[in-house]
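Working through the structure, step by step
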Amino acid sequence: MKNKFIMLAIVLMAAVSISGCRALKEDLPNSLETPVKSSWKSTKESVPVIKETLMTFPSEEGGWTVDATNLWLEDNSLHEESSLSLVNAQYNSYFILLQDKKENLPKGIDLTNYAELAGEATLADLKEGEVTSMEDVKFGGITGKRFYIKGKIDDISITYIFLVFQNENDYFQEIIWSSSENIENNQGYYSDILLSFKFAR
């Protein structure tokens, strides 16, 4: 099972804090006003305020949706096999959703095994990598397993949040990653995106 991310600028840019971010559920779907923070020097004296509004990203075949905001843009270059790839350049944050047919995996693989394989593939690319224990998470009628992986790439501390779940025919991985500081300070914001996944009815 191929599950290695193309890091691109990931993360060479990812040392910025987004402490202005709040959980999506606080103000959305009305709006989320977040001060723009960037590692680039601004020519303006004051920092503009962006109105962050809710957006829904559907799968191509219409089988599911994920909610994020207008700061997240689709970028298919993140992972060649992803069903959805999003980049938030303002927050130096990345999201992918991977979908694997159960029939293409070895027999005997269950959700826990699948999650472990996903984590091992990511750990292999990190220095000083560590993984948390899995926790069961219920959202939208789905029970998934969530865990975190933290490590270094080019001396930058990166944290990945994994949410792994299944339906009758497929396994799914939702992964968000950014600088460890961003993830630690804004877990609610990122968790709301992961937990927004819904199967079409």
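Residues numbered from 1 in each chain as written. Predicted model: local features only at pLDDT ≥ 70, side-chain atom pairs only at ≥ 80, totals over all residues. Heavy atoms only, no water.

Details of the side chain of Glu-174
Under the convention used in this document: Every helix listed is a DSSP run of H or I at least four residues long, and every strand listed is a run of E at least two residues long, numbered separately from the N terminus. For the exposure calls, accessible area comes from a 1.4 Å probe over protein chains only, and a residue counts as buried if that area is under 20% of its type's maximum, exposed if over 50%, partly exposed in between. None of His or the chain ends enter the tally, which takes Lys and Arg as positive and Asp and Glu as negative. What makes a salt bridge here is a side-chain nitrogen of Lys or Arg within 4 Å of a carboxyl oxygen of Asp or Glu, nothing more. Two residues qualify as a contact provided that any one of their heavy atoms is within 4.5 Å of a heavy atom in the partner residue.
Residue position: Glu-174 is located in strand S12 (residues 170-179). Despite its burial, Glu-174 pairs with no opposite charge, the nearest such side chain being Arg-146 at 9.4 Å. Ignoring any residue separated from it by four or fewer positions in sequence, one finds Glu-174 in contact with Val-66, Phe-95, Ile-96, Leu-97, Ile-161, Phe-162, Leu-163, Phe-165, Ile-193, Leu-194 and Phe-197.

Some words on the pairing of S12
Rule in force here: Strand pairing requires that DSSP identify at least two bridges connecting the strands.
The buried count for S12 comes to 10 of 10 residues, which makes it a mostly enclosed element. Direction of pairing for strand S7 (residues 93-101) relative to S12: antiparallel, over a ladder of eight bridges. Of the residues in S12, the one forming a bridge with Leu-97 is Glu-174. Where strand S11 (residues 156-166) folds back onto S12 in an antiparallel hairpin, the turn is made up of three residues.

Observations concerning the sheet that holds strand S4 (residues 64-69)
In space, the three strands of this open sheet follow the order S3-S4-S13, with antiparallel pairing throughout. Pairing within the sheet leaves two strands with one partner each, and these edge strands are strand S3 (54-58) and strand S13 (198-199).

Some thoughts on the environment of Lys-102
Locating Lys-102 in the fold gives a position in the loop between S7 and helix H2 (111-123). The class of Lys-102 is partly exposed, set by a relative accessible area of 25%.

With respect to the environment of Trp-177
With respect to the secondary-structure elements, Trp-177 resides in strand S12. Given a relative accessible area of 0%, Trp-177 falls into the buried group. Separated by 85 residues in sequence, Trp-177 and Asn-92 place their C-alpha atoms 8.8 Å apart.

Describing unusual backbone geometry
A positive phi is found at Glu-128, a non-glycine position, where the angle reads about 55°. Here Glu-128 lies in strand S8 (residues 127-131). At Asp-155, a residue that is not glycine, the phi angle is positive and equals roughly 70°. Mapped onto the elements, Asp-155 comes out in the loop between strand S10 (142-153) and S11. Judged by its relative accessible area of 71%, Asp-155 is exposed.

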